[in-house]
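# Understanding the architecture of this molecule
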Amino acid sequence: MTLIQELNSTEPLLEIRDLAITFSSSTGDVPAVRNAHLTVMPGETVAIVGESGSGKSTTALAAIGLLPGNGRVTGGRILFAGEDLTQAGPKRIMELRGNSIGMVPQDPMSSLNPVWKIGAQIKETLRANGLPSGPGDVAQVLAEAGLPDAERRARQFPHEFSGGMRQRALIAIGLSCRPRLLIADEPTSALDVTVQRQILDHLENMTADLGTAVLLITHDLGLAAERARKVVVMYKGQVVESGSAQEILTNPRHPYTKRLVEAAPSLSSRRIQSARAAGIDSADLLAPVAEAAAAADNVIEVQDLTKVFKLRTGFGKSTDFTAVDGVSFAIKRGTTTAVVGESGSGKSTVARMVLNLETPTSGRILFDGVETAGLSRGELLKFRRRVQPIFQDPYGSLDPMYNIFRTIEEPLRVHKIGDSRSREAKVRKLLDQVALPASVMRRFPNELSGGQRQRIAIARALALDPEVVICDEAVSALDVLVQDQILNLLADLQQELGLSYLFITHDLAVVRQIADHVCVMDKGRLVETGSTDSVFASPRQDYTRALLAAIPGARLELPPEVA
Amino acid sequence: MPEYRRDHIEHYVAPIEETPLQATDKVAEDVQPLSLWAEAWHNLRRQPLFIIASVLILLIVVVALLPGLFTQTEPNANCQLANSDGGPAPGHPLGFTVQGCDVYARLIYGTQASLTVGIFATLGALLVGGVLGAIAGFHGGWLDSVIARIGDVFFALPLILGAIIIMQLPFFRENRNVWTVVITLVVFGWPQVARITRGAVISVRNADFVTAARSLGVSRAAALVRHVIPNALAPVIVVATVNLGIFIVAEATLSFLGIGLPPAVMSWGNDISAAQVSLRSNPSTLLWPAAALSVTVLSFIMLGDALRDALDPKARKR
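Below: a short report on this structure. These numbers were taken from a predicted model, which means no experiment stands behind them. (Residues numbered from 1 in each chain as written. Chains lettered and ligands numbered in written order. Predicted model: local features only at pLDDT ≥ 70, side-chain atom pairs only at ≥ 80, totals over all residues.)

Here we come to the overall build of chain B. Looking only at helices and strands, one finds 11 helices and 1 strand in chain B. By the compact-globule yardstick of 20 Å for 318 residues, chain B is too spread out, its C-alpha radius of gyration being 28 Å. The principal-axis extent of the C-alpha atoms belonging to chain B is close to 105 × 55 × 35 Å. In chain B, buried positions account for 41% of the 318 residues. The contacts of chain B with a sequence gap of at least 6 include a subset with a gap of at least 24, amounting to 71%. (Helix = DSSP H or I, 4+ residues; strand = E, 2+ residues; numbered from the N terminus. Rg over C-alpha atoms; globule rule 2.2 N^0.38 Å. Buried ≥ 20, exposed ≤ 12 C-beta atoms within 10 Å, placed from the backbone. Contact = placed C-beta atoms within 7 Å.)

In terms of nonpolar packing, the biggest core is built from 157 residues, with A:Val340, A:Val354, A:Ala459, A:Ile470, A:Leu502 and B:Val193 touching the most fellow members. Sorting elements by how many residues they give to this core places helix α3 (residues 103-139) of chain B first, with 16 residues. Leave out the neighbours within four places in its chain, and B:Val193 touches B:Ala125, B:Leu126, B:Gly129, B:Gly130, B:Gly133, B:Val236, B:Val239 and B:Ala240. One finds A:Ala32, A:Ile122, A:Ala145 and A:Val239 within the second-largest nonpolar core, a separate group that totals 82 residues. (Core = buried A, V, L, I, M, F, W, Y, C linked by C-beta atoms within 7 Å.)

Bringing the packing of helix α2 (residues 48-65) of chain B against α3(B) into the picture now. Residue and element names in this part refer to chain B. Two elements in contact, α2 and α3, have axes separated by 7 Å at closest approach and are oriented at 105°. Put simply, α2 runs roughly perpendicular to α3. Facing α2, whose interface residues are Ile 60, Val 63 and Ala 64, α3 presents Ile 108, Thr 111, Gln 112 and Leu 115. (Axes fitted to C-alpha atoms, helices over the stretch in contact; angles between N-to-C directions. Parallel < 35°, antiparallel > 145°, perpendicular 65-115°, else oblique.)

All right, on to the sheet that holds strand β13 (residues 336-340) of chain A then. Residue and element names in this part refer to chain A. Spatially, β16-β17-β18-β13-β19-β20 is the arrangement adopted by the 6 strands of the open sheet, whose pairing is mixed. Strands at the two margins of the open sheet, each flanked by one partner only, are β16 (387-390) and β20 (525-531). On average, each strand axis in the sheet is inclined to that of its neighbour by 15°, with strand direction left out of account. One ladder, built from 4 bridges, connects β13 with strand β19 (residues 517-522); its direction is parallel. Residue Val 339 lies in a different strand from β19, and its bridge partner there is Cys 519. (Pairing = 2+ DSSP bridges.)

Here the focus is helix α8 (residues 208-215) of chain B. Residues separated by three or four positions in an α-helix point in the same direction, a consequence of the helix having 3.6 residues per turn. Residue and element names in this part refer to chain B. Taking burial as the measure, the 8 residues of α8 include 6 buried ones, the bulk of the element. Here α8 has its buried residues at Phe 209, Val 210, Thr 211, Ala 212, Ala 213 and Ser 215. Positive backbone phi, at 110°, marks Gly 217, one or two positions downstream of α8.

Residue and element names in this part refer to chain A. End to end, helix α18 (residues 450-462) covers 18 Å across 13 residues, agreeing with the expected 18 Å (1.5 Å per residue, within 8%). Most of α18 is tucked away, with 12 of its 13 residues classed as buried. Among the residues of α18, Gly 451, Gln 452, Arg 453, Gln 454, Arg 455, Ile 456, Ala 457, Ile 458, Ala 459, Arg 460, Ala 461 and Leu 462 are the ones counted as buried. The secondary structure elements touched by the buried residues of α18 are β16, α16 (404-414), α17 (420-433), β17 (468-472) and α19 (480-497). (Expected span 1.5 Å × (residues − 1).)

Our next topic: the interface of chain B and chain A. If you look at the interface, chain B gives 38 residues, while chain A gives 53 residues. Secondary structure elements with two or more residues in the side of chain B that touches chain A: β1 (12-13), α8 and α9 (220-256) of chain B. In the side of chain B that touches chain A, the residues fall into 19 nonpolar, 9 polar and 10 charged. Strand direction decides the pairing type here: strand β10 (residues 238-244) of chain A and β1(B), joined by 2 bridges, are antiparallel. Residue A:Glu241 lies in a different strand from β1(B), and its bridge partner there is B:Val13. (Nonpolar A, V, L, I, M, F, W, Y, C, P; charged D, E, K, R; others polar.)

Moving on: the sheet that holds strand β5 (residues 83-84) of chain A. Residues and elements named next belong to chain A. Pairing is antiparallel across the open sheet formed by 4 strands, whose spatial order is β2-β1-β4-β5. The sheet terminates laterally at β2 (28-40) and β5, the two strands that pair on one side only. Across 9 bridges, the pairing between strand β1 (residues 14-25) and β2 is antiparallel. Looking at the pairing, Leu 19 lines up with Ala 36 of β2. Contacting β1, β2 and β4 (71-80), helix α2 (residues 56-63) crosses the sheet at an angle of about 110° to β1.

What follows deals with the environment of A:Ile417. Summarising the element assignment, A:Ile417 is placed in the loop between α16 and α17. For the pair A:Ile417 and A:Leu464, spaced 47 residues apart in the sequence, the C-alpha separation amounts to 8.8 Å.

As structure tokens, then:
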């Protein structure tokens, strides 16, 4: 069948019907996917959207026969160009892989073999599918991926590639054998937003040229709607809604989809107002928090902050690397200031210096008018009480050996606050504040989900009644709905306790929801600051504009009630 | 087969009663809380390897503590040359040694020396290696290099060769007893524990929860003791368990070579050594202590294996 004939065909390329997948574990069989069905027409892009654990990746992996060892298809059919893959033998599936169905994996950092040159890995794919694999062919594949100087690049090792370049190489490998279907499993979730956009644009152009159908797996509804014609929403292993992207966004019918559309940060364009505050006085809803606090003083002032790291380049030799270069900003009491930038922009180093975990090379940090450098031991302990952090990785920031009670109680014990009874009462109150039942006190972190752990981390940070909370990418690792829940919780707590937040993030969509002021950082320098509204409405720097344009869903035109 | 039209995409909505909506991020309330150790115990209880190993070790410990329970024969009191190399007789199930002593009684009483050396050498290596490894890993920098290099020096010497030299030193030659053997084994055993501890501490040191604790106001030393060490303990315990078996073998080897425990102390190593002369005429005098040694070492190594599986962080659910 020629490409044109195929594109005009009414036969679906991939059709999944009533698919059921079960994982066997030590405690018995766990159903992972039930009644899943979706159709991909030749050359069409279809997105599967869902939170982690919704079965979206499992469904896609079943189509390429790559389920993990303890998973198996227990019902339904996977028809690829009319052929039932659930009945096909391993040999047939192997023939189809690469040749007819390609795959772009999720994590570019660990998906390339570090001891092999990039060229060798492309050659491997070409050879496995019986295609010519000379140096010219390899360079050709890399060039198609948009990597300049392809012949030289092919001789490099994966560690010499940036994350975006690696993902390009992986896309090149996935498309090298001209498959009819490409499965892209969260291809850009590990990359910076601007790189994400480039990669997705490139993927779109390449597959459009080749007429390849794409099954795009993502947790981001905005991204799905922007890139795919058809969206399939999965929840708890089932398809809850599917339809055209526009239809799903504007007219969601299943309650879960409605919830997703409401929570999607890329689609929301307003600062979260504390629901409790709104309940008390609806007139307050109109007055932005920033204005209310305009008269307030600066709780943290950062002046001309610079941090230079020494990088060892050899024995006794080192070069200077300026991670943070002359950064100045201030946080008004009771407001949220966001520091935005891509990875390597120095934003986390700023957070660590404000937390007094790293010493600035030059410049000053004033907390309540007092310089934080050179505090005595006792003063430092007092400072620690008033400034608390929340970290990015909810899996890493809680000690796995401590149960939840000990985790939240630790700051109280360290600062010798109260006796054991009053501490227990305080822990109960904190758990209540972060909307967790008191029964989690005896649990251990590994028994809780990422969002729940992040709420525990917030409770721990609030134990000492701090004035400033520094959130270092505090919601980046969370699913959209959970992220929305945590952001609302943070907004409520700010209203209730008068907290000031320093919010470090790479995600401008999140900034829009939570921050009053924004500082945009690029390569250690502050490129733009201002109120969130003014920066979003009229960005003055090209860099800020590029960041804004890269928000997935930014280009979607939506009816006003959604936008 | 239904007809697909490219320009029309059907809007499908699953029946809501089939896909009930749950509260976002609900806490599962029906699960029993389990700490790392409780979970490991939960897994270990069903493992045949662990059960066999721990029953054997329990038996060996009881034998070592209360040898009188297992034999009424005094091991050295009634040695009669008339019984030399004699076969099993009533009351003497395993026969007699060259000297006419009861093999079974010596086997039972020899357990104590072997186990004492094994346990105390392990504890000593844990203490020295654990502390030095933890300091090296946590402090890093020059201190790490110094400790690592010193460890390498000891690591490079083969245990037996190094032990032969130490045991020949005047002080050790004149005071040969259980404790000198323990000291010798610790001297050559600590670097391995130190290496493992150092690696485990480094992997935990930069974890977010340590940074979080530091920014709560926990001092460096307290963070090391309260957060880093408990999280780094699992691999160290596994290595220590396996080491215990190795130390028991090392003691037997040294005693066999005549530079371990003095002949007056009953130990399996000494018995194996003494049985050499009658290897051809009466091999069972050599085989019984050797079998006891093998079973003991095997149980500790099996226990170490079972612990390694149970404490594997990758096997834990997140």
